Amino acid sequence: MSQVNRLAAGGRIDRSKPMSFTFNGKTYQGFDGDTLASAMLANGVGIVGRSFKYSRARGILGHGAEEPNALMQLHKGNETIPNPRATQVELFDGLTATSTNGWPSAEFDLMSLMGKIGGMMMPPGFYYKTFMAPQKMWMTYEKFIRKAAGFGKLSLEPDPDTYDKINAHCDVMVVGAGPAGLAAALEAGRSGKRVIIVDEQNEFGGTLLASTQTVDGIDAATWADQATSQLEGMDNVLVMPRTTAFGYYDHNFVVALERRTDHIGPVAKTGTRQRLHRIRAHQVILATGAIERPLVFGNNDLPGIMLANSVSTYINRYAVVPGQRCIIMTTNDSGYQTALDIQAAGRTVVAVVDSRHTPDGRLVAAAKAAGIQVMAGHGVIEAQGGKKVTGAIVAPLDEAGDNVTGASKTLSCDLIAVAGGWSPVVHLSCHTGSRPVWKDDVAGFVPGASIQNQHLAGAVAGEYLLSEALNAGIQAGATASDTTSTQTFDCGDESTGASQALYLVPHTKPISRAPKQFVDFQNDVTAAGIELAAREGFQSIEHVKRYTAMGFGTDQGKTGNINGMAIVAKTLNKSIAETGTTIFRPAYTPVTFGAIGGRDVGELLDPARHTAMHPWHVANGAEFENVGQWKRPWYFPQAGETMQQTLNRECLAVRNSVGILDASTLGKIDIQGKDAREFLNRVYTNAWSKLAPGKCRYGLMLKEDGMIFDDGVTACLSDNHFLMTTTSGGAAAVLGWLELWHQTEWPEMEVYFTSVTDQWATCSFAGPNSRKVLEKLCTDVDLSSDAMKFMDWREGTVAGIKARIFRISFTGELSFEVNVPADQGHYMWKKIMEAGEEFGITPYGTESMHVLRAEKGFIIAGQDTDGSMTPYDCLMGWAVGKTKEFSFLGERSFSRPDTSRTDRKQLVGLKPKDPTVVIPEGAQIVMDPNQPIPMDMMGHVTSSYWSECLGHGIAMGTVKGGSDRMGETVYCPLADGRVLAAEICSPVFYDPKGDHHND
Amino acid sequence: MHHIYCPYCEEMREEEEYSYTGEAHIERPKDPAAISDEAWADYMFFRSNPRGIHHEMWYHAAGCRRYFNATRDTQSYKVHETYKMGEMPSITAETLAQAKGDAS
């Protein structure tokens, strides 16, 4: 098929590089330099998709980011990319695209029948109103509604591409490389500042690339090329085409997406497909331009109705004229330029229909001189056609553009170019919280005042003339660079007549009876729908938006929003300034999740922390669990074992002989200074004044509200030197907590905190034979029960390595922890395993550790406590100093009325009545399972395990007033219908007198 | 994303390096046992939560590990100043209102 709409000469395409592509199964030809949209139009492709709600045939409306209709599905093998806009897809050889919807095809769509028949009956809120009742049926309706809705399909394959992120800093960031942006970057670049300039298109120049104007006597596109070359030649300027600044965040943080390979194919063969640039700029210049508005009239969504400026762009930049017989509908002078462009391209301009009664600008005169028919004071009130526009109904309008004043007539055409004025691209400025401001002279919203170091230049500020934009760019570039410039540009005569602020072209019928007048093409929002929403009481523009879904599409209402707001304003008899605008949020155009994820996926999602002994654990078949970022051995299964069998074996080994645990992950904080001891007195509940060097003590740390925050053992290394241990997950929070109090409340104290968690490796081995194992490796410390008591620590040599040996226990058994510098941890572990071999030393993981400690009733802060448990609630009043001089953190709260209640939830042991049962953790506890719902909730189970050494299930839990309920029976009603009975008992199930660890 | 000047490192650093740690200039009562439950609860739980100028603490957790104070507008996120622990703000809602009054 030939390119019926391609001009023989002109444009920025390379005719020596033809490219073949397929759309909806048909093969077409285009050229290098085309977008998919320009190539489709060159081939006369009319219908590009079907609309969201009514399945109406839709064609290409625009030529860039504003495009609402031409959403494509790109394919390569099994890979498929949903929803890029054809107007932004650069053509490459072999490109394969399909429409994102339409069944059985976009050309012949059965769903459109529903749009035709049901159209009148599908007002805003249709789904809510219709499928509201009965409520339980919604799930059934939803299945079918979802099937019919939505755009595009995701690939079900893993993404084959890589993405990455990069941080950048600059003095001046310029967003947009049209006339204003180029001028700004040139000025900033010449000042020597570090400049980054980004533009979403493949070439810099913006509107200059399709302009017929001149800059200082040079053809506009040539000027753009020269400016770009100059910028590329400056070492201090980073030039980034194909890069969309999609988000503008606080403190001049701009995030931009660079498409590195999308112009080569949908899947990158090598390298990074897309890169996210995180740019921190001292000054930001927004030169984001403006988007032309369509006008709202009957059937204004027919394929063949396009933005006038887009038509000019296709002609001048891509050498494509998307029609043979063209009508221009305009409210301002810019439509006349399009008429001149069409005529220059050798196609017929049927008429320029101008809503203004006395248009008199320079371009109007030029069009008239060129013999173009001008119908002043008229409007296209309705388009005709089925799958493509075939004619326009034109009628005279009153001066205000509110009413049709006379008989209409029908003009035949195959293209209607619509020029409804311009909307500045305020999106990025909105992202930082600035509200756009309506300006009557611009007939659009411009960015409001900003607290960012932000400058505006060009059409984004309503400076629509080329010379205005260029000059504004120079001034913005100079201001942002702390320089001054008097440079100005001469772009010839740019005089322009006044525009008319017209949004909805009136029809002979009222809005509700007229043919559909579309406002938001992507979401099928009509003028009638918006009017109805206003009449139903939605007065806030934000509510109208949410009710009608106006602006909710992937195009964020770039073309439709202002028209919709104007209709709301008119319905409510207000001005647009009064009704205001909705706020645009990031992203300006859709961003792939791949780019947002970058390299932070898979095993790089979060750092994994490994202990020194990790390779041994892996080699010995450990299953791991995540504790914070740590990978901790969970249990060490042997061949053929179930998890429970493993746990039983590990626990019995500890109880009967010796087991070994990697305890390196426990947080370790080295505390030094002459006030270290007093500091511990203040942050721990118990007393530290008398703890002698060589001794350890268990401590509870509370928040000021008296609730347990963390716990651990702290050793006195010398009078002004302590080693604190924390829970594995709480290490960073505890360090921050200590620093907080030292730095903010007690800066006079001489005390220093250093995290040494990673510096030490800890082998904890427990069981009646643990001393015998250690004695084989350590000869310079008297390890006898009398010489080294429970809660003592000694410095000694273990397997030839200088070590700190702590006699502390989290299992209730005789237990030693050997701490060595981390680089010797693996060696030490292996030596202990060798020494323990004759005793059957058994490695165990966190799960057995939990069972063993629960048998002893030891809490785990964060599991058995939840930020609402005091030491007394946990039956740990013994760990609270009663006579401490300083009111330690949390002490004052013990006497608050709520904290001192005796019926608070308290920690208890729970012994299942059925000894074979293990109650699920989290189970709710009630006193009477036969009580009608809602039952009195008494508490819940916090820890629960099978205890092999005791031969029954054990649990800990919180129960209201539990301390006074010993021996009472409680019940756990489960979701599966079972009700498990348990007896409240002491949480210390094993060796209540502590004979074992004191052995 | 905020860009915050650490008064100890004397550099602008990214928000990712910091954590926010609540309202500044809340002093712990010197003798907690001597004050009423109400006064204690006020110290523990009640914070000002203004719309506008707020003096607050930040922790340079992934940097120098120092706590410092910032004067920040909770509405615009503008950070007016940062200052060391123990110092008082030079910019407050009152001084800004004053400056505004002088200007008009």
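Before reading on, note that the structure itself is shown above.
This section reports on the structure supplied with the text. Computed from a predicted model, the values in this text were never measured in an experiment. (Residues numbered from 1 in each chain as written. Chains lettered and ligands numbered in written order. Predicted model: local features only at pLDDT ≥ 70, side-chain atom pairs only at ≥ 80, totals over all residues.)

## Overview of the overall build of chain B
Definition in use: Strands are runs of DSSP state E lasting at least 2 residues, helices are runs of H or I lasting at least 4, and numbering of each runs from the N terminus. As a rule, residues whose C-beta atom has 12 or fewer other C-beta atoms within 10 Å are exposed, those with 20 or more are buried, and those in between are partly exposed; C-beta atoms are placed from the backbone. We call two residues in contact if the C-beta atoms placed from their backbones are at most 7 Å apart.
Within chain B, the secondary structure is distributed over 2 helices and 6 strands. Seen in sequence order, chain B has helices and strands lined up from the N terminus as β-β-β-α-β-β-β-α. Across the 104 residues of chain B, 15% fall into the buried class. Contacts in chain B between residues at least 24 apart in sequence constitute 51% of all its contacts with a sequence separation of at least 6.

## Here we look at the interface of chain A and chain B
Test applied: Residues were grouped as follows: Ala, Val, Leu, Ile, Met, Phe, Trp, Tyr, Cys and Pro as nonpolar; Asp, Glu, Lys and Arg as charged; and all remaining residues, including Gly, as polar.
With 20 residues of chain A in contact, the opposing surface of chain B contributes 20 residues. Within the side of chain A that touches chain B, the residues separate by chemical class into 6 nonpolar, 6 polar and 8 charged.

## Structural notes on the sheet that holds strand S24 (residues 415-419) of chain A
Residue and element names in this part refer to chain A. To be explicit about the condition: Any two strands with at least two DSSP bridges between them are considered paired. Axes, fitted as lines to C-alpha atoms, cover a helix only where it is in contact. Angles between the N-to-C directions of the axes lie from 0 to 180 degrees.
Here we have 5 strands laid out as an open sheet, ordered S17-S24-S18-S19-S20, and parallel in their pairing. With one partner strand each, in any of the chains shown, strand S17 (305-307) and strand S20 (374-376) form the two edges of the open sheet. Across the sheet, the axes of successive neighbouring strands diverge by a mean angle of 20°, strand direction being ignored. The sheet contact formed by strand S18 (residues 325-330) and S24 spans 5 bridges and is parallel. What sits directly across from threonine 330, in S24, is alanine 419. Relative to the sheet, helix H8 (residues 334-344) contacts S18, strand S19 (348-354) and S24, its axis offset from that of S19 by approximately 175°.

## Considerations on the nonpolar core
All names here are of chain A. Worth spelling out the cut-off: As used here, a nonpolar core is made of buried Ala, Val, Leu, Ile, Met, Phe, Trp, Tyr and Cys residues. They are joined through C-beta atoms within 7 Å.
Core analysis: the biggest nonpolar cluster contains 182 residues, and Ile285 and Ile416 have the highest contact counts within it. Among the elements that make up this core, the one with the highest residue count is helix H11 (residues 466-480) (8 residues). Excluding its chain neighbours within four sequence positions, the residues that come into contact with isoleucine 285 are Val172, Met173, Val174, Val175, Ala184, His455, Ala457, Ala476, Gly477 and Ala480.

## Digging into the pairing of strand S7 (residues 95-99) of chain A
All names here are of chain A. Summarising burial for S7: 4 of the 5 residues are buried, a large majority. Summarising the sheet, strand S5 (residues 71-76) and S7 pair through 3 bridges and their orientation is antiparallel. Looking across to S7, one finds that glutamine 73 is bridged to threonine 98.

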